[in-house]
Amino acid sequence: MGEVHVVNGNYSAAEAVKAVDVDVIAAYPITPQTPVVEYLSEFVANGELDAEFIHVESEHSAISAVVGASATGVRVFTATASQGLALMHEVLFIASGMRLPIVMTVANRALSAPINIWCDHSDTMAQRDTSWIQLYCESNQEIYDTVIQAYRIAENEDVLLPVMVCYDGFTLSHTLEPVEFEPEDEIREFVGEFEPIHCKLDPEEPMTLGPVGGPDSYMEFKKMQHEAMKEALKVIPEVNSEFEKRFGRSYGDGLIEPYNVDDADVVIIAMGSVCGTIKHVIDEHRSDVGLIKVKAFRPFPGDDIRRLIEGKDAVVTIDRAHSYGSMPPLWTDVKAHAPDVEVSSTIAGLGGRDIRVEDILEVIEVAEKGEGTDEPVWINVNV
Amino acid sequence: MKYTVGAVIKEPGSTRRNKTGSWRIFRPVLDHEACVHCGRCYMYCPDGCISLDPEKGYVIDYDYCKGCGICAKVCPVDAIEMVLEED
Amino acid sequence: MIEVRIHGRGGQGAVTAAEILAIAAKEDGKYSQAFPFFGVERRGAPVQAFARISDHFIRVRCQIYEPDHVVVLDPSLVGTVNVVKGLKEDGVVVVNAREEEMNHLSEELGDYDVYYVDATSIALDELGVPIVNTAMVGAYVRATGTVSLDAVKDAIRMRFPGEIGEKNVSAAERAYEEVKEL
Amino acid sequence: MPGRIPKRPPLPEEELLAPGHRACAGCGSALCLRLCMKALGPDTVVVMPTGCMEVTTTPYPETAWEVPWIHVAFENAAAVASGVEAALKALDKKDDVTVAVFAGDGGTVDIGFQALSGMLERGHDVVYVCYDNEAYMNTGVQRSGATPMFAVTTTTPAGRRWKGEFRPKKDAPRIAAAHDIPYVATACVSHPQDLVKKVQKAKEIEGPAYVHVLCPCPPGWGYDSSETVEIGELAVDTGMWMLYEIEEGEFRLTYKPRERKPVEEYLKRQKRFSHLTEEEIQRIQRMVDERWEELEKEGSTTD
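Residues numbered from 1 in each chain as written. Chains lettered and ligands numbered in written order. Predicted model: local features only at pLDDT ≥ 70, side-chain atom pairs only at ≥ 80, totals over all residues. Heavy atoms only, no water.

Looking at the overall build of chain D
Then, number 1: A tally of regular secondary structure across chain D gives eleven helices and eight strands.
Then, number 2: For 303 residues, the compact-globule estimate of 2.2 N^0.38 gives 19 Å, and chain D sits close to it at 19 Å.
Then, number 3: Based on the C-alpha atoms only, the size of chain D along its principal axes is roughly 60 × 55 × 45 Å.
Then, number 4: Here chain D holds 303 residues, and the buried ones make up 64% of them.
Then, number 5: Sequence-distant contacts in chain D: of pairs separated by 6 or more residues, those separated by 24 or more amount to 69%.
Then, number 6: By element, 48% of the accessible surface of chain D is carried by carbon and sulfur atoms, the whole surface being about 11500 Å².
Then, number 7: If the 35 positive side-chain charges of chain D are averaged to one point and the 46 negative ones to another, these points end up 4 Å apart. (Helix = DSSP H or I, 4+ residues; strand = E, 2+ residues; numbered from the N terminus. Rg over C-alpha atoms; globule rule 2.2 N^0.38 Å. Buried < 20%, exposed > 50% of the residue type's maximum accessible area, 1.4 Å probe, protein only. Contact = heavy atoms within 4.5 Å. Areas by Shrake-Rupley, 256 points an atom, 1.4 Å probe, with all protein chains shown as cover. Lys, Arg positive; Asp, Glu negative; His and termini not counted. Charge placed at Lys NZ, Arg CZ, Asp CG, Glu CD.)

And the structure:
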């Protein structure tokens, strides 16, 4: 049995990183992720975590350093948000292209301009195509559990892809709530010792990592990455259910978490902390509504979502990001997998705009009226 | 071609398969009689294709020599001559 | 579910007060949530923090617009900030104020149940600094019964280990005793 | 008159940079890396940013490297090396393995400068070698911060208004030294034994070491591939490039030409300077004279 502590989301992330016993941490502070770096510094300073901590001079160097460390054959961690993630952008492709099992947490935050430190998903959505697995969390417990599972997923031989664990800035990162922390030895047993599988910088067995891949090989490597993502669609549920067996907690099948969907006429598809508010609305106001919480955005469990929304009266997505000049990302992915289902699109909660109960009710109304199917409806906006 | 996970190359020194000797226009020819075995040609070869044979002295590996001509220039006794490659 | 809004100034410990409440709720076997108003305010600026306390896991994650209770750490905020904004009809206000200040404050606070305590003097006595958050949590739990005083004391000790924790416990206990209904 | 066959060549025999790589004939940078590997030995992890030497040595599925080697991006070799070094520490292997960076001038003095500064300031035990061919040669000779005054590149052409590069070369070794690191040195491929000695020293010293190596480039500088060593020698003998060490803050010239040759002898051998007027040559001469005067004041001279 674990022990319950009342902590914020950043602490949950740091505690999980400590529990899995990472070897090298390189991170640069940025609101609202900063406390993760501070907590981990404290753990290392106190000797609670035996890791090398690299005080890098930028997020670009943070991700670069963990790429170097991971390639040398150790378990690594970094964390960032917003502009910091954008600064890492280039190296994200390289980390996944080199198939390094890096785990990074992102405290989701909007991108400038105007400068805004508050939550939305623009930062991680902009990294959608970097070939990182993206898992979104609804609660601080889910952050802790997901970071631990992320190492198992990333290090799986059939996957070998980096994982981004995303949680909403402030709404989770700076909010305290009870979280059950498991005994560290049990977590370490669950995650296992890190063993490099496909590469290691070691003079005993010299390898060349990150070579030039020309037109005769590049495309093959990229297709292999896609296949690895498809494998992750199998591995994520396996890890989720193994975790449940051991610790008693799960999040749907690890890819999506349906809530009241079977009995629902209207289905909302959403990601992150807003799913909690949606569940609250379903419980308190609209028992005829269901929720599909998308936990894994990459790989995208599109077929599972399609099966759940086929035949429903109304379906609506909530995106906390937009693809300007087109339709927002979650809607686009849902539609790509369910072209025959009418799906309404709403955009809410950009730049920390609170998503209130009344906003969720408005989202449901948009769906019921069949609006937003070819142009997103912006919720609680004044222009 | 075999495609490894993450494009990792596990065969060190495998560019040896690529015989850059075909790049050559001029060919260094070492006069072993004139050679004083100072090793300058060996030191300065950017392609590492001059080595010391205990029997023959310094030898040039024409499989890889690109014919840059540095060895001929640095030879203190002009023991290396650059001659036009034939066919 | 009880929703609490805490008004203070940057540096007075409003966020910590919310956190202590949330930790205390857990000690009482309840569920809780605590979060600051996510701003860029610095020391001295009016700030807010929030707490939710419930018998069940709290799923809702929007901000609090209609609190059940309001705690005011600094009397000068009453009048500058609408501290009772959205407060439910049967809501409770707990304010740090001296008895003589209450005459003009009560006008601003309307018909709500109002409790007051001179937390500044308590904090100065017990801690030597005018940081009133722990005292005000003590007064708040007396006024509302949301969580127990014992749980608050445990939470304070967890948040501030050692001597400083004991001083804060004393501050909370004294405010618990000294708080008065208007 | 045939001489005695030496038992050993003048430098270690092991070739850790295999032939068959695609560097240009007469490449000064390839020579530099080959020599550096002789100095560092097989227990070395090499980190390289994007550049000539990266693309020419690792065309999948082939590699010229006999040691573990990694490339990540253009601007982050020093950060990657920091991570490698930290991981070796975590694995308790740091004492047995050297971490080295070989980066071009662009990857060092321009785009990689921030990461380099961070690595030096944090004190990682890494040997950082800049192979400086004074422009972005990999992409076809565009100017970098290390391009010398008046040199023509494709982005600093000589025309009616421009006379090649506008400003003197960024003094990267001295900036590296300003981080108070234990060892900084300059070298040139024309002086291989000096270069190898310095890289060996850099390897032995604990903490960050920075070695900046001038590497003449036949196509980029405009001279025949056979002249790489001569051009390097002229750079040193004219004082255009100085060989020195800064060890624990102590500056020391490691080579002083008996009599400095006029810079014209160096400049006139290269197409990139062929547009220079007498006046511009003299301006370069004055710059070199002033710099020598300044540096000679700083330290003693030994060979």
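Next comes the rest of the account.
Here's the deal with the nonpolar core
Then, number 1: Formed by 184 residues in total, the largest nonpolar core has its most connected members in Ile269(A), Ile309(A), Trp65(D) and Phe102(D).
Then, number 2: Here this core spans two domains, since at least three of its residues come from each of domain 1 (3–247) and domain 2 (257–378) of chain A.
Then, number 3: If near-sequence neighbours (up to four positions away) are discounted, Phe102(D) is found in contact with Leu33(D), Cys36(D), Met37(D), Leu40(D), Val46(D), Val47(D), Met48(D), Pro49(D), Trp65(D), Val129(D) and Tyr131(D).
Then, number 4: Judged by nonpolar contacts, the second largest core, of 54 residues, contains Ala19(A), Phe77(A), Tyr151(A) and Phe190(A). (Core = buried A, V, L, I, M, F, W, Y, C linked by side-chain atoms within 4.5 Å. Domains from an automatic or database assignment.)

Brief notes about the packing of aromatic side chains
Working definition: an aromatic ring pair is given by the centre-to-centre distance plus the angle between the planes.
Then, number 1: Under the definition given, this model contains 21 aromatic pairs over all chains.
Then, number 2: Between the aromatic rings of Tyr11(A) and Phe43(A), the centroid separation amounts to 6.0 Å while the plane-to-plane angle is 80 degrees, which identifies the pairing as edge-to-face. With Tyr11(A) in helix α1 (residues 9–19) and Phe43(A) in helix α2 (residues 34–46), this pair connects stretches of sequence that are 32 residues apart.
Then, number 3: In this structure Phe43(A) comes out as buried when scored by relative accessible area, which is 5%.
Then, number 4: On the basis of an interplanar angle of 80 degrees and a centroid distance of 6.1 Å, the ring pair of Phe74(D) and Tyr136(D) is categorised as edge-to-face. With Phe74(D) in the loop between β2 (69–71) and α3 (77–90) and Tyr136(D) in the loop between β4 (126–132) and α6 (172–177), this pair connects stretches of sequence that are 62 residues apart.
Then, number 5: The partly exposed category is assigned to Phe74(D), whose relative accessible area is 24%. (Phe/Tyr/Trp six-rings, centres within 6.5 Å; stacked < 30°, edge-to-face > 60°.)

Examining the packing of helix α6 (residues 140–154) of chain A against helix α7 (residues 184–191) of chain A
Then, number 1: Running from N to C, α6(A) and α7(A) cross one another at 35 degrees; their axes reach a closest spacing of 9 Å. From α6(A), Tyr144(A), Ile148(A), Tyr151(A) and Arg152(A) reach across to α7(A), where they touch Ile187(A), Phe190(A) and Val191(A). (Axes fitted to C-alpha atoms, helices over the stretch in contact; angles between N-to-C directions.)

Considering the pattern of salt bridges
Residues and elements named next belong to chain A.
Then, number 1: With the rule as written, the count across this model stands at 75 salt bridges over all chains.
Then, number 2: Salt-bridge contacts for Glu 358 lead to Arg 356; the nearest nitrogen and oxygen are separated by 3.8 Å.
Then, number 3: Connected through salt bridges with shared partners, the residues Glu 15, Lys 18, Asp 21, Glu 48, Glu 184 and Arg 188 form a single ionic network. (Salt bridge = Lys/Arg side-chain N within 4 Å of Asp/Glu carboxyl O.)

A short note on a negative patch on the surface
Then, number 1: Taken together, the side chains of Glu204(A), Asp43(D), Asp92(D), Asp95(D), Asp96(D) and Glu206(D) present a region of like negative charge at the surface.
Then, number 2: Tracing the backbone through its elements, the reader meets Glu206(D) in the loop between α7 (192–204) and β6 (209–214). (Patch = residues over 30% accessible without salt bridge, like charges linked within 9 Å, V, L, I, M, F, W, Y side chains within 5 Å.)

Let's talk about the arrangement of the chains
Then, number 1: Between all four pairs of chains that are in contact, chains B and D come out with the most contacts.
Then, number 2: The two partners chain B and chain C share no contact, and the minimum distance between any of their C-alpha atoms is 41 Å.
Then, number 3: For chain C and chain D, which are not in contact, the least C-alpha distance works out to 29 Å.

Concerning the confidence of the model for chain D
Then, number 1: The predicted model of chain D averages 95 in pLDDT, with 97% of residues at 70 or higher.
Then, number 2: The complex prediction reports pTM at 0.96, with the ipTM value standing at 0.95. (pLDDT = per-residue confidence, 0-100.)

Focus on the side chain of Ser12(A)
All names here are of chain A.
Then, number 1: Among the structural elements, Ser 12 can be located in helix α1.
Then, number 2: Assessed through its relative accessible area of 0%, Ser 12 is described here as buried.
Then, number 3: Sequence-distant contacts of Ser 12, defined by excluding residues within four places in its chain, comprise Val 7, Asn 140, Ile 143, Tyr 144, Val 179 and Phe 181.

A few points about the pairing of strand β15 (residues 344–347) of chain A
Residue and element names in this part refer to chain A.
Then, number 1: The side-chain alternation of β15 yields two buried faces, one formed by Ser 344 and Thr 346 and the other by Ser 345 and Ile 347.
Then, number 2: As a crossover connection, the stretch from strand β14 (residues 314–319) through helix α11 (residues 329–337) into β15 is right-handed.
Then, number 3: Strand direction decides the pairing type here: β15 and strand β16 (residues 377–378), joined by two bridges, are parallel. Counterpart to Ile 347 in the pairing with β16 is Trp 378.
Then, number 4: Between the parallel elements β15 and β16, the chain passes through helix α12 (residues 357–369) in a crossover that is left-handed. (Right-handed = clockwise from strand over helix to strand, strands pointing away. Pairing = 2+ DSSP bridges.)

So, the packing of helix α9 (residues 274–284) of chain A against α12(A)
Any two packed helices are characterised by the angle at which their axes cross and by the distance between the axes.
All names here are of chain A.
Then, number 1: Close contact between α9 and α12 brings their axes to 10 Å; oriented N to C, the two are set at 75 degrees. Overall, the two elements α9 and α12 adopt an arrangement that is roughly perpendicular. Of the residues in α12, those in contact with Val 274, Thr 277, Ile 278, His 280 and Val 281 of α9 are Val 357, Ile 360, Leu 361 and Ile 364.
Then, number 2: Partitioning the contact of α9 with α12 into residue classes produces seven nonpolar, two polar and no charged. (Parallel < 35°, antiparallel > 145°, perpendicular 65-115°, else oblique. Nonpolar A, V, L, I, M, F, W, Y, C, P; charged D, E, K, R; others polar.)

Looking at the sheet that holds strand β2 (residues 24–26) of chain A
All names here are of chain A.
Then, number 1: Taking strand neighbours across the sheet as the criterion, the seven strands line up as β3-β2-β4-β5-β7-β6-β13 in an open arrangement whose pairing is mixed. For this open sheet the edge positions go to β3 (52–54) and β13 (296–298), each flanked by a neighbour on one side alone. Averaged over all pairs of adjacent strands, the angle between strand axes in this sheet comes to 20 degrees, irrespective of strand direction.
Then, number 2: Direction of pairing for strand β4 (residues 76–80) relative to strand β5 (residues 103–108): parallel, over a ladder of four bridges. Following the sheet pairing, Phe 77 is matched in β5 by Val 103.

Side note on the interface of chain B and chain D
Then, number 1: Contacts between chain B and chain D engage 45 residues on the former and 51 residues on the latter.
Then, number 2: Between chain B and chain D, a total of about 3600 Å² is buried, with carbon and sulfur atoms accounting for 58% of that surface.
Then, number 3: At the boundary of chain B and chain D, one finds three salt bridges.
Then, number 4: Across the pair Glu62(D) and Arg17(B) runs a salt bridge, and its minimum N-O distance is 3.7 Å. (Buried area = accessible area lost by both parts, 1.4 Å probe.)

Points about helix α2 (residues 102–109) of chain C
Residue and element names in this part refer to chain C.
Then, number 1: Regarding α2, the residues found buried are Met 102, Leu 105 and Leu 109. Taken end-on, α2 shows its buried residues confined to a sector of 65 degrees, consistent with a single buried face. Seen from the open side of α2, the exposed residues pointing more than 90 degrees away from its buried face are Asn 103 and Glu 107.
Then, number 2: Looking at the buried side of α2, the elements it contacts are β5 (92–96) and β6 (113–117).
Then, number 3: Where α2 ends, the next residue or the one after it, Gly 110, has phi of about 65 degrees, a positive value. (Arc of directions from axis to C-beta.)

As for the sheet that holds β4(D)
Note: strands within a sheet are paired through backbone hydrogen bonds, in either parallel or antiparallel orientation.
Then, number 1: Pairing is mixed in the open sheet, where nine strands are placed in the order β9(A)-β2(D)-β1(D)-β3(D)-β4(D)-β6(D)-β5(D)-β7(D)-β8(D). Since the sheet does not close on itself, it has two edges, and those belong to β9 (208–209) of chain A together with β8 (250–253) of chain D, each with one partner.
Then, number 2: Pairing between β4(D) and β6(D): six bridges, direction parallel. Within β6(D), the position partnered with Asp132(D) by the bridge is Leu214(D).
Then, number 3: Lying over the sheet, α7(D) contacts β3 (98–104), β4, β5 (183–188), β6, β7 (244–247) and β8 of chain D, oriented at roughly 160 degrees with respect to β5(D).

Brief notes about helix α4 (residues 82–97) of chain A
All names here are of chain A.
Then, number 1: Taking 1.5 Å of rise per residue, the 16 residues of α4 would be expected to cover 22 Å, and the 22 Å separating its terminal C-alpha atoms lies within 8% of that figure.
Then, number 2: Along α4, the sharpest change in direction is near 60 degrees and occurs at His 89.
Then, number 3: For α4, every residue scored as buried is listed here: Ser 82, Gly 84, Leu 85, Met 88, Val 91, Leu 92, Ile 94, Ala 95, Ser 96 and Gly 97.
Then, number 4: On its buried face, α4 is in contact with α3 (59–71), β4, β5, α5 (122–125), β7 (163–168) and α8 (218–247).
Then, number 5: Of the residues flanking the end of α4, it is Arg 99, one or two places downstream, whose phi is positive at about 60 degrees. (Expected span 1.5 Å × (residues − 1). Bend = angle between axes of the 7 residues up to and from the residue.)

Some words on the pairing of strand β4 (residues 69–72) of chain C
Residue and element names in this part refer to chain C.
Then, number 1: By the alternation rule, side chains of β4 split into His 69 and Val 71 and Val 70 and Val 72, which are all buried.
Then, number 2: In this structure, strand β1 (residues 2–9) lies alongside β4, joined through four bridges in parallel fashion. Bridge pairing in β4 links Ile 6 to Val 71.

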